[in-house]
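Architecture and fold: a report
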Amino acid sequence: MPLVPTADIVARAVAARTAAVAFNVLHLETAEALAAAAESAGAPLILGISENCIRYHGGLEPVTAATLAVANASSADLSVHLDHLTDPELVRRGVAAGVSSVMIDASALPYEENVAVTAELAAWCRQRGVFTEAELGEVGGKDGAHAPGVRTDPAQARAFVRDTGVDALAVAVGSSHAMTQRTAELDLILISRLREALAVPLVLHGSSGVPDEEIRRAVAAGMTKINISTHLVSVFTSVVRDVLGADPALVDSRTYLSAAREAVAQDAARLLQVLTTPVTA
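Keep in mind the model is a prediction, meaning the values are calculated, not measured.

Helices and strands together make up the secondary structure of the chain, namely 11 helices and 8 strands. Across the 281 residues in the chain, those meeting the buried criterion constitute 54%. Taking the intrachain contacts of the chain between residues at least 6 apart in sequence as the baseline, contacts between residues at least 24 apart amount to 73%. Surface accessibility of the chain: about 11,700 Å² in total, with carbon and sulfur atoms responsible for 54%.

Shown next, in the form of structure tokens:
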């Protein structure tokens, strides 16, 4: 099936008061697993490729081309998104490669520089019909803007969206990147305030550390795009460990990679079904 623009998936979620789910791709096996999950769940899905993933593969084009090919071959409604891009050149190359959305991450810069860089790239993307996302605060691998105790200010968020023209904003409401335990508690009152203050969809990064029902409560409060990576990476790695531990003589990587791919497909389908079921406030 032809690719579906990220903007369409997000708009559908807003209209249905449900989540627009984004799972991260690490390599071909995860791209295949996530496409299979979307097919099984009968739900749309955003396939995210991070700048770290691009660095791992030695460049943007190979992993992006592979993910686009998997998405195009799937019967599910899939889009391909580039996540946490700090390099403007990667934004331009990603759009040329065929992605329909990018997250512009200039959050490590001082606020005014963040606004200037984000606004310039968002305008460039808008001219090409590409959906843009940004985030306030410094986003680290394990803390940054999503560290416990750090929160997004609604007034500053409103000014940031106005001055940059982004289509969606990732906000800090209590989640944290790279959590392996699902114990995070979100500030649902702040989510509601941000929803009232902003005319663009809200994005939750670091959702791996948030329990399913807490995410659903966040969606009911006003969150739309939900990003999950570490949780599914943990599922993949756990199965690889189990298969190799059960057969130390195993040498064919396809054996343990296919088992891990199937496990990710199953759990991703479960998450999709849970998170795309409409919720009410």
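Moving on from the coordinates now.
In terms of burial, strand β5 (residues 131-135) is a largely internal element, 5 of the 5 residues being buried. Judged by which residues are buried, β5 turns out to be covered on both faces: F131, E133 and E135 on one side and T132 and A134 on the other are all buried. Where strand β4 (residues 101-104) lies against β5, 3 bridges are found, and the strand directions are parallel. In the sheet register, M103 faces β5, and the bridge partner there is E133. Handedness of the β-α-β unit built from β4, helix α6 (residues 111-126) and β5 comes out right-handed.

Here we take up the pattern of salt bridges. One pass over the structure, following the stated rule, counts 9 salt bridges. Here E51 makes a salt bridge to R55, at a shortest N to O gap of 2.6 Å. Residue E51 and its partner R55 are both found in helix α3 (residues 51-56); the two are separated by 4 residues, about one turn of the helix. Residue classification places E51 among the buried positions, given a relative accessible area of 5%. Judged by its relative accessible area of 54%, R55 falls in the exposed class.

Taking strand neighbours around the barrel as the criterion, the 8 strands line up as β1-β2-β3-β4-β5-β6-β7-β8 in a closed arrangement whose pairing is parallel. Adjacent strand axes in the sheet meet at a mean angle of 25° when their direction is disregarded. Pairing between strand β1 (residues 20-24) and strand β2 (residues 45-50): 3 bridges, direction parallel. When the bridges of β2 are listed, N24 appears paired with G48.

Right, let's talk about the side chain of T64 for a bit. For T64, the position within the fold is in helix α4 (residues 60-73). Accessibility expressed as a relative area gives 0% for T64, which makes it buried.

As a further point, take helix α2 (residues 28-41). Here α2 is 14 residues long and its end C-alpha atoms lie 20 Å apart, about the 20 Å a rise of 1.5 Å per residue gives. Where α2 is concerned, the buried positions are T30, A31, A33, L34, A35, A37, A38 and A41. On its buried face, α2 is in contact with β1, β2, α4, β3 (78-85), α10 (230-246) and α11 (253-275). Backbone geometry just downstream of α2 places G42 in the positive-phi region, at approximately 65°.

It is worth spelling out the packing of aromatic side chains at this point. By the definition in use, this model includes 1 aromatic pair. Between Y111 and F160, the ring centres sit 6.2 Å apart and the planes meet at 55°, which makes this aromatic pair tilted. Highlighted residues: Y111 in helix α6 and F160 in helix α7 (residues 154-164), separated in sequence by 49 residues. Exposure remark for Y111: the relative accessible area of 26% places this residue in the partly exposed category.

Moving on: the packing of α6 against α7. Contact geometry of α6 with α7 gives a least axis separation of 8 Å together with a crossing angle of 45°. With respect to α7, the axis of α6 lies oblique. Listed contacts from α7 to Y111, N114, V115, T118, A119, A122 and R126 of α6 are Q156, A159, F160, D163 and T164. Classifying every residue of the contact of α6 with α7 by side-chain character gives 6 nonpolar, 4 polar and 2 charged.

On to the confidence of the model for the chain, then. Chain-level pLDDT for the chain is 89 on average; 89% of the residues reach the 70-or-more range. Of the regions scoring below 50 in pLDDT, residues 138-146 engages in 31 contacts with residues more than four places distant in sequence or in other chains.

It is worth spelling out the packing of helix α9 (residues 212-221) against α11 at this point. Two elements in contact, α9 and α11, have axes separated by 10 Å at closest approach and are oriented at 35°. As for how α9 packs across α11, the hand of that crossing is right-handed. Along its contact with α9, which presents D212, I215 and R216, the element α11 presents R270, L271, V274 and L275. Split by residue class, the contact of α9 with α11 holds 4 nonpolar, no polar and 3 charged.

The next subject is unusual backbone geometry. Of note in this structure, R17 is not a glycine but carries a positive phi near 55°. Its location among the elements puts R17 in the loop between α1 (6-16) and β1. For H84, which is not glycine, the phi torsion reads 50° and is therefore positive. Mapping H84 onto the fold places it in strand β3.

What counts and what doesn't
- Residues numbered from 1 in each chain as written.
- Predicted model: local features only at pLDDT ≥ 70, side-chain atom pairs only at ≥ 80, totals over all residues.
- Heavy atoms only, no water.
- Helix = DSSP H or I, 4+ residues; strand = E, 2+ residues; numbered from the N terminus.
- Buried < 20%, exposed > 50% of the residue type's maximum accessible area, 1.4 Å probe, protein only.
- Contact = heavy atoms within 4.5 Å.
- Areas by Shrake-Rupley, 256 points an atom, 1.4 Å probe, with all protein chains shown as cover.
- Pairing = 2+ DSSP bridges.
- Right-handed = clockwise from strand over helix to strand, strands pointing away.
- Salt bridge = Lys/Arg side-chain N within 4 Å of Asp/Glu carboxyl O.
- Axes fitted to C-alpha atoms, helices over the stretch in contact; angles between N-to-C directions.
- Expected span 1.5 Å × (residues − 1).
- Phe/Tyr/Trp six-rings, centres within 6.5 Å; stacked < 30°, edge-to-face > 60°.
- Parallel < 35°, antiparallel > 145°, perpendicular 65-115°, else oblique.
- Nonpolar A, V, L, I, M, F, W, Y, C, P; charged D, E, K, R; others polar.
- pLDDT = per-residue confidence, 0-100.
- Left-handed = near helix turned anticlockwise from the far one by under 90°.

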